Amino acid sequence: MFEGIASKTMDKPQQESEDLGLPLQFVLTDDGDRRLAMLTGTIGVGLLLVLVLVGVVAGADAPAWLFVGLGLVAAALLVVMFVNIRVWLGWGNPQLFLPSSADLRLGDHVVARFRRTARRGADTGGLEVSAWLEAIEIVGVGEAASTEHVSRTDVEVKLVSLVHRSVEADLVLDIPLGVTPSFIIEGFEMRWQLVVRIEAPNAPDDDSTFPVVVAPAVAERVQSGGSGR
Amino acid sequence: MSGRTSTLTLNLDSGAAECGDVVSGQLIWQGSDAPTKAEVRLVATASATGSGGADTQRSVVVGPAVCQLKSGEPARFELPVPAKGPITFTGAAMTVSWRIEGKAQAGDAATQIPFTVLPAGGLAVWAQQAAPPPQRDQGPR
């Protein structure tokens, strides 16, 4: 019933051998494009097989609406699969390197490293990276069910490297002092996420979303007299 | 025959506390025939902004702390504030508010006070920034 802070749900592989030259320990990754492509592709192909089976078994006796309905749904799912595969094939899984696994705090100043590698055929020339933090108020009870309100805080992006079809950028996360930390209470949720957008002229534009947790605590740098927004 | 009035009063040591800290105070029964025990709870209520219906509210309860009552004598209590919050806030889509509730185990005597929950480390910071003091509105029922 009372879950406190929303837990991270993304995969968190630990990077041990790769040396980025920075004291970064904790990695978030987002392979949502691949998972969605696999899921929609599997369901779409499955529906097509059902269509064929119905046609073979029932033949001319099968109702036309069944063929049309199943065909439209399968087609829509296959389109979604194609779009996500195209993105996934254009770009490798994005990675976000954080200084530690600890949750973010109010007033925090954290520099995270974002990295994504373009696969064969994608060109990083003319690429632009932008990022922002989203605070999403979610109400899922009563007549206000499924209400969402999104607040956005832009994140400073410092492009570090753009070579060998790989883009790396430092993201300066300044958590404002007066924002609401993450929490969940039975249908009410405050969810935080970092969105990184890559816009490239010869590759599909893509948003990578990394869930983050903002704890109900003030960063030590603020408590000890540092500045906080 | 004289009328008898009895009241249950809640006094807090502070109207605000940080996540992970404790809220403390005392419960006082004034009147005759004091109930033996009373319970004190810390309640957080999340509600959709702009709506007042119970179907758009959800509450979380911490406690109860049980107090032994004697007429006129304060009974101390302490309750932990959850380290994971949530903090008191009003957003665009929802509001979270906290309150302390005191209720006698026998009878109808009850009282409640609004309470403010701040982030850990927030009391000093908010004081430095001259934030408005937490609301205190004692209202024995």
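Residues numbered from 1 in each chain as written. Chains lettered and ligands numbered in written order. Predicted model: local features only at pLDDT ≥ 70, side-chain atom pairs only at ≥ 80, totals over all residues. Heavy atoms only, no water.

A.B. asks: Is there a simple way to explain the overall build of chain B in this structure?
C.D. replies: The helix and strand inventory of chain B stands at one helix and 10 strands. Along its sequence from the N terminus, chain B presents helices and strands in the succession β-β-β-β-β-β-β-β-β-α-β. Burial statistics for chain B: of 141 residues in total, 44% are counted as buried. Intrachain contacts of chain B at a sequence separation of at least 6 include 68% that bridge at least 24 residues. About 7,000 Å² of surface is accessible on chain B, with carbon and sulfur atoms providing 48% of the total. (Helix = DSSP H or I, 4+ residues; strand = E, 2+ residues; numbered from the N terminus. Buried < 20%, exposed > 50% of the residue type's maximum accessible area, 1.4 Å probe, protein only. Contact = heavy atoms within 4.5 Å. Areas by Shrake-Rupley, 256 points an atom, 1.4 Å probe, with all protein chains shown as cover.)

A.B. asks: Quick question: what am I supposed to make of the packing of aromatic side chains here?
C.D. replies: Residue and element names in this part refer to chain A. Considering all chains together, one arrives at two aromatic pairs over all chains under this definition. Ring geometry for Phe114 versus Phe210: centroids 6.2 Å apart, planes at 80 degrees, classification edge-to-face. A residue pair is termed long-range when its members are at least 10 positions apart, and Phe114 in strand E5 (residues 109-117) and Phe210 in strand E11 (residues 203-212) qualify at 96 residues. (Phe/Tyr/Trp six-rings, centres within 6.5 Å; stacked < 30°, edge-to-face > 60°.)

A.B. asks: I tried to follow the interface of chain B and chain A on my own but got confused; where do I start?
C.D. replies: Interface extent is often summarised as the accessible area lost during association of the parts. Contacts between the two partners involve 29 residues from chain B and, on the opposite side, 28 residues from chain A. With both chains or domains summed, chain B and chain A bury close to 2,300 Å², and 76% of this area falls on carbon and sulfur atoms. The largest share of the area that chain B buries against chain A comes from Arg58, Lys84 and Met94 of chain B, three residues that together contribute 24% of it. Our count for the contact surface shared by chain B and chain A stands at one salt bridge. Summed over the shared surface of chain B and chain A, the result is five residue pairs in polar contact (both at pLDDT 80 or more). Per-element tally for the side of chain B that touches chain A: the top contributor is strand E5 (residues 57-68) of chain B, with four residues. Tallied by class, the residues present in the side of chain B that touches chain A amount to 17 nonpolar, nine polar and three charged. (Buried area = accessible area lost by both parts, 1.4 Å probe. Salt bridge = Lys/Arg side-chain N within 4 Å of Asp/Glu carboxyl O. Polar contact = N/O pair within 3.5 Å; in protein donor to acceptor, adjacent residues only side chain to side chain. Nonpolar A, V, L, I, M, F, W, Y, C, P; charged D, E, K, R; others polar.)

A.B. asks: Any chance you could explain the nonpolar core here in plain terms?
C.D. replies: Soluble globular proteins tend to bury their nonpolar side chains together. Ranked by internal contacts, the top residues of the largest apolar core, which has 73 residues, are Leu171 and Leu194 of chain A together with Leu42, Ile100 and Phe115 of chain B. Ranked by residues supplied to this core, first place goes to strand E10 (residues 188-200) of chain A with seven residues. Among all residues touching Leu42 of chain B, those that are not within four sequence positions of it are Val23, Val60, Val61, Val62, Leu79, Pro80, Val81, Trp98, Arg99, Ile100 and Phe115 of chain B. Residues Leu47, Leu70, Ala74 and Leu77 of chain A belong to the second largest nonpolar core, which totals five residues. (Core = buried A, V, L, I, M, F, W, Y, C linked by side-chain atoms within 4.5 Å.)

A.B. asks: Sorry, what's going on with a nonpolar patch on the surface here?
C.D. replies: Residue and element names in this part refer to chain A. A contiguous nonpolar surface patch, about 310 Å² in accessible area, is contributed by Leu36, Leu39, Ile43 and Val80. For the nonpolar patch, the element with the most residues is helix H1 (residues 32-58), which contributes three residues. Mapped onto the elements, Leu36 comes out in helix H1. According to the relative accessible area criterion, Leu36 is partly exposed, its value standing at 36%. (Patch = residues over 30% accessible without salt bridge, like charges linked within 9 Å, V, L, I, M, F, W, Y side chains within 5 Å.)

In short, geometric facts, not functional conclusions.
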